[in-house]
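Survey of secondary and tertiary structure
Here is what each chain is made of, one letter per residue.
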Amino acid sequence: MKNISIWLSAIRLRTLPLSISGIIVAGCLAEYNGVFSWQIFLLAIAATISYQVLSNLANDYGDAEKGTDNDDRIGPERAIQSGNISPDEMFHAIRLNILICIVLTVGLIYSAFGSKHLLLALLFFGIAAFAVRSAIKYTMGNKAYGYRGLGDVYVFLFFGIVSVIGCYVLFAKELDHVTILPAIALGLLSAGVLNLNNMRDIESDLQSNKITTAVKLGKVKAKKYHNFLVIGAMAASFIFGVLYYVSPFNLIFFIAYIPLILHLKRVNAITNLKDFDPELKKLALSTVLLAVLLGVGHLF
């Protein structure tokens, strides 16, 4: 049981709900348009979780390899850093997780497209390969993009664009403009979660030569950037609500603005870096809340 708890800690369960937010929105939009499939939905969730777990394990390995996870780090202690999991064990787990990603992805793409949509199937195999590479290369290797201030771009792309628009295509076999604004909103909020993490670690990252967007901007501008991400997400979802308004229930997602506004108020008042850590979970949960209400509200 101890070994299981160690690995559960390593895969960072608290990051998983955020990773499936876009799938929830895409599924609701697909249901509204009459193209929803439970099989595709569940496989998409399973595949997405496998990619997120892969990313978490690879990040643990990469940051430990580069010495970024040290005693100066404010966040939760990582698996390799603590000594509970060896680098070799983690590397083996990463390889096993890649295999799981491949199996789930093949099942998902075949379930969605069969043999009738070959070009779309090939496109999604390409996206899947890019996703696996991106999950690994965030912190692993000599050219890890997370160490060059590109993490925000990848998070916006995968947690927003690919998650919402891409998943909707799995259902409908075509693009739909209704997915664009929700994808932007979730992508911006997900980038906000990463930015919070990077603001918390700004000093230790700078010492370890991990050049995140927060390190590039500095403490003051990183907060302004964070405000832009959260307010931008609220604006995108608001415009979505107005453009696709059918009934008052469509606007139920406005409820999620309350914790988001309170979150910004707290973040702007923070002076101690360790105080950013509790806001990570709060912003992630607020993002999931917005996704659920945005999707469910569109069903009625």
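Here goes a summary of the coordinates provided. (Residues numbered from 1 in each chain as written. Predicted model: local features only at pLDDT ≥ 70, side-chain atom pairs only at ≥ 80, totals over all residues. Heavy atoms only, no water.)

A separate point is the packing of helix 6 (residues 87–113) against helix 7 (residues 118–137). Direction vectors running N to C along helix 6 and helix 7 enclose 160°, while the axes themselves pass 10 Å from each other. Here helix 6 is positioned roughly antiparallel relative to helix 7, judged by the angle of their axes. Crossing geometry of helix 6 relative to helix 7 is assigned as right-handed. Judged by residue contacts, Ile98, Cys101, Thr105, Val106, Ile109 and Phe113 of helix 6 engage Leu120, Ala121, Phe124, Phe125, Ala128, Val132 and Ile136 from helix 7. Partitioned by chemical class, the residues of the contact of helix 6 with helix 7 number twelve nonpolar, one polar and no charged. (Axes fitted to C-alpha atoms, helices over the stretch in contact; angles between N-to-C directions. Helix = DSSP H or I, 4+ residues; strand = E, 2+ residues; numbered from the N terminus. Parallel < 35°, antiparallel > 145°, perpendicular 65-115°, else oblique. Left-handed = near helix turned anticlockwise from the far one by under 90°. Contact = heavy atoms within 4.5 Å. Nonpolar A, V, L, I, M, F, W, Y, C, P; charged D, E, K, R; others polar.)

Contact geometry for helix 4 (residues 38–66) and helix 8 (residues 151–172): axes closest at 11 Å, N-to-C directions at 150°. If you check the angle between helix 4 and helix 8, you find them roughly antiparallel. The hand of the helix 4/helix 8 crossing is right-handed. In this structure, helix 4 uses Ile40, Phe41, Ala44 and Gln52 to contact helix 8, whose residues at the interface are Phe159, Cys167, Leu170 and Phe171. Of the residues contributing to the contact of helix 4 with helix 8, the split by class is seven nonpolar, one polar and no charged.

Everything listed here is a matter of coordinates, which is why it stays silent on function.
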